Amino acid sequence: MTVRLRWIAAPVAAVAALALVSFGARDTDTSWSSAWATALQYPIYQNWSALGFSDQTVRQVIRLSHEGPQVRIRLSNRYGQYPLPVSAATVAASAGGAAVDPESVRALTVGGQSTFVIAPGGDVVSDAVDTAGASMAVTLYFAQPTGPATQHGQALATTYRASGDHTADPSAAPFTDTSQSWYYLAGVDTLRPSAGDVTVAFGDSLTDGYRSTLDADQRYPDQLAAAGHHGPVVNAGFSGNRLLTDSTVLGDSALARFRRDVLEQPGVGTAVVLVGINDIGLSGSAGPDGAVYPEVSKDQLIAGYRELISQARTNGVRIVGATIPPFAGSTYFSPEKERLRTDVNTWIRESGAFDKVVDLEQALAAPGDRTRLAAAFDSGDHLHPNDSGYRAMAAVIAPALAT
């Protein structure tokens, strides 16, 4: 099915008198490091993003992988066609659900202004505020219609919505609507930690943590950070992502977004790349955007990996390659696609192209059957791990990052 979005022109007149702000993505201030991030996508009809917001407050609860004395918030109108008016914004310590600690609520400003507009295609970084703790809520109020919203589709976290301005309201009571996506929120930075550069986990739903427990922070990057990794770990995965192919439904390809989602993360030192299963699974098939994709070859995938490696090394970033886990029994599986996965994994292991390799196939495969996820790690769809499987991924990745 082809998905088409109806863009809304209302915000243009509403914000005509306000100044637009749009900061360049590359940040030359080396005192900051990314402590939380997400990969952003086009608006879709499956959540609130297609219609956007009007006279509504959105509260988004996240967990930082590193705490510092101050934080700053990155917001994005990357896929917006019109100016995005933000009427008020706060940050606070989460008190569970949509509630926040009333003593921790802090107003956010951009360039000293509490009301600001983000240009179409633009990003902004808030002024620094004192930290609100590792579990924090970012609350945004949109008085005027926003039009379709830049978003992250499958957050595995609950986002809350209320009518009117409740940015400073500590109560959960007004927030009667929920979603499992993030909106406009691109990242949170803290002052640079004393030890450890940022590790960016980059890829598809296996990085995004699809089918892990809602609101439990059980994705493999979360578990890697919780296990005491030496520096911040941020998640730049999203479900459906492919190495080679762009889609307005499944998002920009890994090749198209690697620079902004990895290389431009403040403080990045290492990238862990796990991508390719959707290229293989959708090869020669129709995708959710209605397009029929041509067959993908091993050589094409290898060329894509080499391009990511080249970009990383040019920018002084260490790149770790992960083998693609087993998928027998899933809707993607066929003998031909299994051969392609095997060939690609052999290249990842043996080529020496990556700086380091982590063998997730070996870590997750059923005993005696490398084509199938071990039952203890299978979420039930034979493609995505459960919480234990994501923990096993973190356990095998951690040693590779420590050396």
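Cut-off values and rules
- Residues numbered from 1 in each chain as written.
- Predicted model: local features only at pLDDT ≥ 70, side-chain atom pairs only at ≥ 80, totals over all residues.
- Heavy atoms only, no water.
- Axes fitted to C-alpha atoms, helices over the stretch in contact; angles between N-to-C directions.
- Helix = DSSP H or I, 4+ residues; strand = E, 2+ residues; numbered from the N terminus.
- Parallel < 35°, antiparallel > 145°, perpendicular 65-115°, else oblique.
- Left-handed = near helix turned anticlockwise from the far one by under 90°.
- Contact = heavy atoms within 4.5 Å.
- Nonpolar A, V, L, I, M, F, W, Y, C, P; charged D, E, K, R; others polar.
- pLDDT = per-residue confidence, 0-100.
- Pairing = 2+ DSSP bridges.
- Buried < 20%, exposed > 50% of the residue type's maximum accessible area, 1.4 Å probe, protein only.
- Core = buried A, V, L, I, M, F, W, Y, C linked by side-chain atoms within 4.5 Å.
- Salt bridge = Lys/Arg side-chain N within 4 Å of Asp/Glu carboxyl O.
- Phe/Tyr/Trp six-rings, centres within 6.5 Å; stacked < 30°, edge-to-face > 60°.
- Lys NZ or Arg CZ within 6 Å of the ring centre and 35° of its normal.

### Observations concerning the packing of helix α4 (residues 254-263) against helix α6 (residues 298-314)
- Their axes nearest at 10 Å, the elements α4 and α6 cross at an angle of 25°. Classified by the angle their axes make, α4 and α6 are roughly parallel. As for the relative orientation of α4 and α6, their crossing is right-handed in sense. Every residue of α6 that contacts α4 at Ala254, Leu255, Phe258, Arg259 and Leu263 is listed here: Gly304, Glu307, Leu308, Gln311 and Ala312.
- The residue inventory of the contact of α4 with α6, partitioned by class, reads six nonpolar, two polar and two charged.

### Some words on the confidence of the model for the protein
- When the pLDDT values of the protein are averaged, the result is 92; 92% of them are 70 or greater.
- Contacts of residues 1-19 to residues separated by more than four positions or lying in other chains number 41 contacts, the stretch itself having pLDDT below 50.
- The low-confidence segment residues 21-26, where pLDDT is below 50, has 19 contacts with residues more than four positions distant or belonging to other chains.

### Description of the sheet that holds strand β20 (residues 318-322)
- Read across the open sheet, the five strands follow the order β18-β17-β19-β20-β21; overall the sheet is parallel. At either margin of the open sheet sits one strand with a lone partner, and together these are β18 (233-237) and β21 (356-358). If you compare each strand with its neighbour and ignore which way they point, the axes differ by 20° on average.
- Sheet analysis places β20 next to β21, joined by three bridges and oriented parallel. Counted as the bridge partner of valine 320 is lysine 356 from β21.
- Each of β17 (198-203), β18, β19 (268-274) and β20 touches α4; the most contacted strand, β17, lies at about 160° to it.

### Some thoughts on the environment of phenylalanine 333
- You can see phenylalanine 333 is positioned in the loop between β20 and α7 (335-350).
- Residues phenylalanine 333 and histidine 382 lie 49 residues apart in sequence; the distance between their C-alpha atoms is 9.6 Å.
- When near neighbours in sequence (up to four residues on either side) are disregarded, phenylalanine 333 contacts Phe327, Ala328 and Glu338.

### Thoughts on the pairing of strand β23 (residues 369-373)
- Bridge count between strand β22 (residues 365-366) and β23: two bridges; the pairing is antiparallel. In the sheet register, alanine 366 faces β23, and the bridge partner there is aspartate 369.
- What sits between β22 and β23 in their antiparallel hairpin is a turn of two residues, with glycine 368 showing a positive phi close to 80°.

### Details of the pairing of β19
- Where burial is concerned, most of β19 is hidden: seven out of the seven residues are buried.
- With six bridges joining them, β17 and β19 adopt parallel strand pairing. What sits directly across from alanine 201, in β19, is valine 272.
- With four bridges joining them, β19 and β20 adopt parallel strand pairing. By the bridge assignment, valine 273 is partnered in β20 with glycine 321.

### Thoughts on the sheet that holds strand β3 (residues 56-63)
- The sheet built from six strands is open, its strands ordered β7-β6-β11-β3-β13-β14 with antiparallel pairing. The two strands at the open ends of the sheet, each matched to only one other strand, are β7 (106-107) and β14 (177-179).
- Across five bridges, β3 lies against strand β13 (residues 159-163) in antiparallel orientation. Note on β13: the bridge partner recorded for valine 58 is arginine 161.

### Some words on the nonpolar core
- Residues Phe258 and Tyr305 are the most contacted members of the largest nonpolar core, which totals 59 residues.
- It is helix α9 (residues 387-402) that contributes the most residues to this core, seven residues altogether.
- In contact with tyrosine 305, other than residues within four places in its own chain, are Leu243, Val275, Gly276, Ile324, Val344, Trp347, Ile348 and Phe354.

### Focus: the pattern of salt bridges
- Per the stated rule, a full pass over the model turns up 21 salt bridges.
- The shortest N-O distance in the salt bridge between arginine 161 and aspartate 177 comes to 3.4 Å. Remark: aspartate 177 occurs in strand β14 and arginine 161 occurs in strand β13; sequence separation between them is 16 residues.
- Note on arginine 161: relative accessible area 15%, which makes it buried.

### Let's talk about the packing of aromatic side chains
- Counting across every chain of the model gives 13 aromatic pairs.
- In this structure an aromatic cluster arises from ring pairing among Trp48, Phe53, Phe142, Tyr183 and Tyr184.
- The side chain of arginine 161 reaches across the aromatic face of tryptophan 48, ending 4.1 Å from its centre.
- In this structure, arginine 242 is placed above the aromatic ring of tyrosine 293, and the distance from its NZ or CZ to the ring centre is 4.0 Å.

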